[in-house]
Every structure is written in structure tokens, then in C-alpha cells.
Amino acid sequence: MVTKSKFQAIRGTRDLLPPETALWNHVEQTAHTVFGTFGFGEIRPPVFEATELFARAVGGETDIVSKEMYSFEDFESNELAALRTLLVAEQPSILDPNFVFAYELRVTEFRERLGKGIERRAVPRTPENERALADLGSLLDSIAFDRQEYETTRDATILERFNLYVGTVRNYLLAVHLGDILSLRPEATASVCRAYIEHNMQQLPQPVKLYYMGPMFRRERPQKGRHRQFYQIGAEVLGGTDAPAIDAEVIEMVMMFFDRVGLTGVELDINSIGHNAPDCRPAYVEKLRAALEKVKDQLGADSQRRIETNPLRVLDSKLEHEQPIIATLPHIADHLCADCAAHYAAVKRQLGLRGVFFKENWRLVRGLDYYMRTTFEITGKGLGSQNAVCGGGRYDGLVELLGGPPAKGIGFAIGEDRLILSLQKSGEGAVAQGRDVYIAWMGEHAYAAAVRAAKDLRNEGFSVELPATELKFGKALERADKLGSRYALILGDNEVSEGSWTLKALADGTQQKFTEPDLLEYLRKQRALSS
């Protein structure tokens, strides 16, 4: 007996349902409003991009790129892909010459289809594909020769050589690119920079100020406030100068956003990580590496490895036994070049002018070379040790790294999932739900009036529930209450014929009678008083 499968959301994803979605909408609408007042425009980049874009921007050796991205091959030739899958799975044995002969024919067919696909540009002309075209022919000749030779000699060395040739064919097949390698975006900064380059935004008045919101994707272990499909709200300022006022205004904007959505316990940490001039960050990194070498034996395996690969990341360590050691390490703020020190001091002055309170955190760093100078992180309540809801910083080298013109850049990303969770934990996540008006109609003649009333009220922006079927008066009021309605508009045949409509306030049960125009005016005034 076949049992029906029960479909569920994929592990690490989840459905966002009402009434919670009202809070998400409130947060996102607040972002639209606040960011708009600072002159930012919304950008909506695609959810997948060329994998190479993220490899360049985030770093090919990072866990995000090497382990966590959802990547796939985007190809036109389904038949060629199916043939490759078949050939890669096959394990021809020289002991079965008929099967080997059939295998040779299929590899030959794959090679011919690959060549034709490249000619008509259905398959990309990559070095791997051209090598496969050039070498598969000679490999097939070698396999055919060994197949025939083994039939007469049964020489064991031929068997070993044959298996080596088949393994080489398999490696060539796996290396072939039938289409572009794409990835679901793990973050959006790279996409925004790509759009800045692609659409020649450097020709616009600089700087260009953009914000975005939407889903991101990472293949990681789901945990509290962290999902495989998660959501970010972010903003980027590209082009123009690296004036400290820009850094401060970006931080001011995101702090204003958190204030507007009601996030409590907000703390802002800032730092400067200098830049790549020899007398700035590189000099500090060498001092840091030398200090770490002296205490290497007291550090964990990850920190020991990072001493060579990226000493700055040691400062991110959360291991309890490493904290006293890290506290003794040199501070980057004491080793900035004169220009970076002046820039950092100016950023702090600009934040003071704007009334933005901050704490300096010398351990707040970024590990990639294109990050420079200002870095910042914002934390909220209710999230335990993983309490960061926003991170940002200056990345003046990123646009150029991605093939664009030299351009300054600074931005931030807000973890919307964590923000929502923090709002809910602090009790600030309640958003008004329910309906403004529930129309309790009774009688055939009243229904037409109810439809007209619903239309007029909705045109005025009121949320209205109009039941499709007639309900008894008590049931109608019960349902209105369950839906969280503020008012019940009672329409019976008598009310319609008299032109006097009854409005019942469900909070206290009081009732008033209105003409249709007076009803609309009363509800408008009540809305204005409550807003």
C-alpha cells in the first residue's frame, strides 16, 4: 500500500505566517521610510549570481564560498548533461569488451556533442572544455587499443593501464563546464557592487546610495535566529569620497532605524582597521603575529592556524581560555598611520555631532583586504551570545576588485531574522492586527448595502471583513471578536431602509447610529486620534 508523503518545509527554512508577517512588514516599511529620508533608493538584485562574483568578493577560501553556498550549473543542453551523468556513473571493465566498446561510443558521442555545443555557444568555451575536446580522442584510442590487446595477451599491466585511462576520462568529464556556475546569494554587497559596475552608475552624481532587502542563502547548521534561507536589510554608499561624515551618516541612519522599530538595549561598537599602506595595517599585522607567536602554545587549533593565514581573525575568538591572552595583544588603534588615525578621530567627532552614542571595540575587525578604516557592529537584547543584529564597514577596494573603476564604498547588513526575534523577546514585536470594521449583515436587502459599505471603507484605507454568507447576530459578533475587529457595523433590513447604520465598538460594547456619510467621517476622525 503506497502512503502519501507529507510535505514539509526544507530543514533550515520555514514559513512566515500571520500575524508574525505583520511585524516583518512593519520592520521593512520602516526601513523604506527611514532610508528614504536619507536619500537612499531601493535596489532589487537577483537572488542568484555567477559563483565567481561571490568567490572574488567574499573570498574563495572562506567557509561561505567553499562550504556554505548553494551552487548549481546552469546549462541549455539537458541531453549532454544526462549523457555525462551516465558516463561518470559507469565503471567499464576490460573483462567485458562489449560493454567497453559501447562505453567508447558513448564517450565519442559526448565529445562530438560538446564540440557542437561550443560552436553554437550553447556550451561555454572554457579551458577545461577545450582540453576535454583535445584529449578525449587520444584517450579513446588508447582505451580501444588496450581492449583489443588484452583480448589476446591477458596482460595484467594492460588492465592497470586501462583503469588509469578510464579514470582520466572520468576526471575530464567532471571538469567539463556545460554552463555557467551560479550560486544563490549568501549576501548582497557583491551584487550591489556588480550592479554599480554593470549599469555605469559611476556616471551618476556621486555617491550612489542604495538599499536592499530580501532573502539570502547559506548551507549551514540551522540554529536559533539562523536559517539556511534568511533575510537581510542592508545599504551601500558607492563612489564619491571617503569623508568621515559619510561613515557617520550611514551609522546614524541605521541607529535611527533601530530606534523607529523599537529595538531595545541597542549598543554600537566601532573601530578602525586602517588600510593597506605599509606603515598602517600591514605593520600592525606583523606586530600582532609576533605577539601571537609568543603565546602560540596557549591558543586553540583555529587560532594557531590563523596566526599564519590571517592574524586579525584571532581577535574574533570566542574561546573562553583565549580571552585573557587576547586582552594583552597590541591594539590596532595605536598603530594606525596618520591619515587613518585622523579619519577615525573625525568619524568619532561626526558621530558626536549627530548624538550617536558608541563604544570603541579594538577587537572589531574584518578579515578581507578590501575592508579598511571604519568598522562597526550593533547588538540587541534577547539573543544570548549571538546578539549582533547589524555589521558594517568601509570597503574602498571592492568595486575595483570586481572589475569596476576605483570607487569608495561603505555599507552594512542587518540580520532581519535576528532583529525580529529580538523585538519579539523584548515585547516590542506586537503589531496591531485584526480588522478595523467587521460588517455583520442580516437579510437579503442588507447584503447589497454591506458590499457597498465594504468598498467605500476599503477605499478610505480601512481593513474590512465582509462575511460571504449570512450569520446569526451572536455568531457574527463572536467572529468579529476572534478576528480582533475594532468595530462591528450592523446592517439589517431595518437599518438599510431607515438609512441609519449601527456601529458597535467591540472594546466597550457602546453603539451609535450614523448615516452613511457620517459613518465614514466618524471613522476617519477616530483613526486620526489613534494614530
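Heads up: the structure comes first, above all this text.
The following refers to the structure shown.

Scoring rules and cut-offs
Residues numbered from 1 in each chain as written. Predicted model: local features only at pLDDT ≥ 70, side-chain atom pairs only at ≥ 80, totals over all residues. Heavy atoms only, no water. Disulfide = S-S within 2.5 Å. Pairing = 2+ DSSP bridges. Helix = DSSP H or I, 4+ residues; strand = E, 2+ residues; numbered from the N terminus. Axes fitted to C-alpha atoms, helices over the stretch in contact; angles between N-to-C directions. Buried < 20%, exposed > 50% of the residue type's maximum accessible area, 1.4 Å probe, protein only. Core = buried A, V, L, I, M, F, W, Y, C linked by side-chain atoms within 4.5 Å. Contact = heavy atoms within 4.5 Å. Phe/Tyr/Trp six-rings, centres within 6.5 Å; stacked < 30°, edge-to-face > 60°. Lys NZ or Arg CZ within 6 Å of the ring centre and 35° of its normal. Parallel < 35°, antiparallel > 145°, perpendicular 65-115°, else oblique. Left-handed = near helix turned anticlockwise from the far one by under 90°. Nonpolar A, V, L, I, M, F, W, Y, C, P; charged D, E, K, R; others polar. Right-handed = clockwise from strand over helix to strand, strands pointing away.

**Here we look at the state of the cysteines**
Applying the stated criterion across every chain, the model contains zero disulfides. Left without a disulfide partner, Cys337 is nearest to the cysteine sulfur of Cys340, which lies 3.6 Å away.

**Section: the sheet that holds strand β3 (residues 71–75)**
Each strand in a sheet pairs with its neighbour through backbone hydrogen bonds, running either in the same direction (parallel) or in the opposite one (antiparallel). Strands sit in the order β2-β4-β3 across an open sheet of three strands; the sheet is antiparallel. In this open sheet, the two strands that pair with only one neighbour each are β2 (48–50) and β3. Ignoring which end each strand starts from, the neighbouring axes of this sheet average 40 degrees apart. Here β2 pairs with strand β4 (residues 179–184) via three bridges, running antiparallel. By the bridge assignment, Glu49 is partnered in β4 with Ser183.

**A closer look at the pairing of strand β15 (residues 501–505)**
Of all five residues that make up β15, five are buried, and the element is covered over most of its length. Covered by surrounding structure in β15 are Trp501, Leu503 and Ala505 together with Thr502 and Lys504, the residues of both alternating faces. The turn joining β15 and strand β16 (residues 511–514), which pair antiparallel and follow one another in sequence, is formed by five residues; a positive phi near 80 degrees is taken by Gly509.

**Looking at the nonpolar core**
Phe35, Phe257, Phe258 and Phe412 are the most contacted members of the largest nonpolar core, which totals 90 residues. Considering every element that reaches this core, the biggest residue donor is helix α9 (residues 244–261), with 10 residues. Beyond its immediate chain neighbours, meaning those up to four positions away, Phe35 contacts Phe40, Tyr211, Ile233, Met253, Phe257 and Phe412.

**Focus on the packing of aromatic side chains**
Within the structure shown, the criterion is met by nine aromatic pairs. Ring plane angle 90 degrees and centroid distance 6.4 Å describe the contact between Tyr371 and Tyr395, whose orientation is recorded as edge-to-face. Taken together, the residues Tyr371 in the loop between β8 (359–360) and β9 (372–379) and Tyr395 in the loop between β10 (388–394) and α14 (398–401) connect sequence positions 24 residues apart. We note that Tyr371, like Tyr395, is buried. With 4.6 Å between their ring centres and 50 degrees between their planes, Trp441 and Tyr447 make a pair best called tilted. On the basis of relative accessibility, which here comes to 8%, the residue Trp441 falls in the buried class. Through a chain of ring-to-ring contacts, the aromatic side chains of Phe35, Tyr211, Phe257, Phe258 and Phe412 assemble into a single cluster. Geometry around Phe99 places Arg106 over its ring, the cationic atom sitting 5.7 Å from the centre.

**Thoughts on the packing of helix α4 (residues 78–89) against helix α7 (residues 156–175)**
The contact between α4 and α7 brings their axes to 10 Å, and the two run at 150 degrees. Relative to α7, the element α4 lies roughly antiparallel. Of the two possible hands of crossing, α4 and α7 adopt the one that is left-handed. When α4 is examined against α7, the residues Arg84, Leu87 and Val88 are found in contact with a partner set consisting of Arg170, Leu173 and Leu174. Classifying every residue of the contact of α4 with α7 gives four nonpolar, no polar and two charged.

**Overview of the pairing of strand β12 (residues 437–442)**
Residues in a regular strand point their side chains to alternate faces of the sheet. Among the six residues in β12, five count as buried, and that is most of the element. With two bridges joining them, β12 and strand β13 (residues 464–465) adopt parallel strand pairing. Note on β13: the bridge partner recorded for Val437 is Val464. A crossover connection joins β12 to the parallel β13 through helix α16 (residues 444–459); in handedness this β-α-β unit is right-handed. Pairing of β12 with strand β14 (residues 487–492) involves six bridges; the strand directions are parallel. Of the residues in β14, the one forming a bridge with Tyr438 is Ala488.

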